[in-house]
Amino acid sequence: MKRFLILLILPLFLVLAQSCTKSVPPPLVEIAYEDDETTVEYEDDETTVEYEGSGYEIPFEVRGGVRIVKVKVNGVEMEMIFDTGASGVSLSLTEALFLEKQGKLTENDIIGSVPMQTADGSIIDGMVVNLKEIEFAEGLVANDVEAIIVTNSLEAPLLLGNSALKDFGSFTVDDENGVIRFQE
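As the structure is a prediction and not an experimental result, all values here were calculated from the model.

Rules used in this analysis
- Residues numbered from 1 in each chain as written.
- Predicted model: local features only at pLDDT ≥ 70, side-chain atom pairs only at ≥ 80, totals over all residues.
- Heavy atoms only, no water.
- Helix = DSSP H or I, 4+ residues; strand = E, 2+ residues; numbered from the N terminus.
- Polar contact = N/O pair within 3.5 Å; in protein donor to acceptor, adjacent residues only side chain to side chain.
- Core = buried A, V, L, I, M, F, W, Y, C linked by side-chain atoms within 4.5 Å.
- Buried < 20%, exposed > 50% of the residue type's maximum accessible area, 1.4 Å probe, protein only.
- Salt bridge = Lys/Arg side-chain N within 4 Å of Asp/Glu carboxyl O.
- Pairing = 2+ DSSP bridges.

Considering the environment of Asp 120
Link 1 in the chain: With respect to the element layout, Asp 120 can be found in the loop between strand E8 (110–117) and strand E9 (123–137).
Link 2 in the chain: Only 2.7 Å separates the side chain of Asp 120 from the side chain of Ser 122, close enough to count as a polar contact.

Here's the deal with the nonpolar core
Link 1 in the chain: Grouped together as the largest cluster of nonpolar side chains are 36 residues, with contacts concentrated most on Met 80, Val 89, Leu 131, Ile 134, Phe 136, Leu 160 and Phe 182.
Link 2 in the chain: Among the elements that take part in this core, E9 stands out by supplying 6 residues, more than any other.
Link 3 in the chain: One finds Met 116, Ile 124, Val 128 and Ala 156 within the second-largest nonpolar core, a separate group that totals 6 residues.

Re the pattern of salt bridges
Link 1 in the chain: Applying the stated criterion across every chain yields a total of 7 salt bridges.
Link 2 in the chain: Across the pair Asp 109 and Lys 132 runs a salt bridge whose closest N-O atoms are separated by 2.7 Å. Pair noted here: Asp 109 is in the loop between helix H2 (93–101) and E8 and Lys 132 is in strand E9, with a separation of 23 residues, a long-range link.
Link 3 in the chain: For Lys 132, a relative accessible area of 42% gives the class partly exposed.
Link 4 in the chain: A salt bridge links Asp 174 to Arg 181; its shortest N-O distance comes to 2.9 Å.

Notes on the pairing of strand E13 (residues 179–183)
Link 1 in the chain: Of all the 5 residues making up E13, 4 are buried; the element is thus mostly covered by neighbouring parts of the structure.
Link 2 in the chain: With 5 bridges joining them, strand E4 (residues 55–63) and E13 adopt antiparallel strand pairing. Bridge pairing in E13 links Gly 55 to Gln 183.
Link 3 in the chain: Sheet topology note: the strand E12 (residues 171–174)/E13 ladder contains 4 bridges and is antiparallel. Bridge assignment links Phe 171 to a residue of E13, and that residue is Phe 182.
Link 4 in the chain: Hairpin connection between E12 and E13: a loop of 4 residues separates the two successive antiparallel strands, and Gly 178 in this loop has a positive phi of roughly 65°.

Interpretation note: all reported values are geometric properties and have no functional meaning in isolation.
What follows is the structure in structure tokens.
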């Protein structure tokens, strides 16, 4: 019954979202970074990262006190908050509807619904979905990641939490150089 209600309500949100526009983030700028151990080059048109060493470096920028990374969710580029304090991945209803409109999120990806607690302690409804892949960089991909869609807010933050990071082993955050280093 809950699944039926979700499937019934989702088209209503689709109609609402059709009037919304999706802004496209600016392309990555070319950055060269060198030190005694590492050479990294970031390319303009891709999230490709060349990293001499045993791992990957993902660039981030700080906005409003949080680290923002560019990833591809089911092939669609998005900016997400890199949040190691979040247990999972969270998408707003706007991004979920955009993925659905692009054919990147389907009814078959819906796992169910769940009540969830926000950072302020309130309980809200969420829809659990399977994201086929989250690509951090070429060669650094998390597959079949469960994510929560916050169904009561079109503008909920996009969080990249531990459920997407658990398969990558260790990582370090280099705030000085604006990169997150994943070790293999």
